[in-house]
Amino acid sequence: MDIYVSSLPFKLKEAGLKALFETYGEVESVKIIIDKITRQSKGFGFVTMPNEEEAKAAIAGLHGSELEGRILIVSESQQKFQSSVKDSKSKKTSSAYFKGIGKSYRKK
DNA sequence: GTTGAGCGTT
């Protein structure tokens, strides 16, 4: 499950984020978006957790928590897909799967 | 050395 994390301190790095999420469960990978031009941290990143329950626990636990004076914003990712939606055993699949798909009719 | 709404560098 991919988790979107924002409002990160610019001084925070992937290791720190990983450590925070590892507190709530198993962390597969942590990715912090860095500007390709200036190589500066954009202040947000993504955390991938294999266990859904732990991911939710991490979101619930870290979302709104204060880190180095900044309030962390944690939620599930909405743009990338995880390999769990195609499985038929999950009827919920509450992931943002084709959530934003819509048709745009333009008239003139 | 700086900044802060929002979804992915090399």
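Heads up: the structure comes first, above all this text.
Residues numbered from 1 in each chain as written. Chains lettered and ligands numbered in written order. Predicted model: local features only at pLDDT ≥ 70, side-chain atom pairs only at ≥ 80, totals over all residues. Heavy atoms only, no water.

(A) The arrangement of the side chain of Thr48 in detail. By the element assignment, Thr48 lies in strand E3 (residues 41-48). Once residues lying within four places of it in the same chain are set aside, the contact partners of Thr48 are Met1, Asp2, Val27, Glu28 and Ser29. (Helix = DSSP H or I, 4+ residues; strand = E, 2+ residues; numbered from the N terminus. Contact = heavy atoms within 4.5 Å.)

(B) Structural context of helix H2 (residues 52-62). Restricting attention to buried positions, one finds in H2 the residues Ala55, Ala58, Ile59 and Leu62. All buried residues of H2 fall inside an arc of 100° around its axis, so they share one side. In H2, the exposed positions angled more than 90 degrees off the buried face are occupied by Glu53 and Ala60. Residues of H2 that are buried make contact with strand E1 (2-6), helix H1 (14-22) and strand E6 (73-76). (Buried < 20%, exposed > 50% of the residue type's maximum accessible area, 1.4 Å probe, protein only. Arc of directions from axis to C-beta.)

(C) The packing of aromatic side chains, seen in detail. In the structure shown here, the tally under the stated rule is 3 aromatic pairs. Measuring from ring centre to ring centre gives 5.9 Å for Tyr4 and Phe44, while their planes differ by 55°; the resulting arrangement is tilted. Highlighted residues: Tyr4 in strand E1 and Phe44 in strand E3, separated in sequence by 40 residues. Accessibility expressed as a relative area gives 28% for Tyr4, which makes it partly exposed. The class for Phe44 is partly exposed, based on a relative accessible area of 21%. Between Phe44 and Phe46, the aromatic rings sit 6.2 Å apart at their centres with planes inclined by 80°, giving edge-to-face as the arrangement. Here the aromatic cluster, defined as three or more aromatic residues joined through ring pairs, consists of Tyr4, Phe44 and Phe46. (Phe/Tyr/Trp six-rings, centres within 6.5 Å; stacked < 30°, edge-to-face > 60°.)

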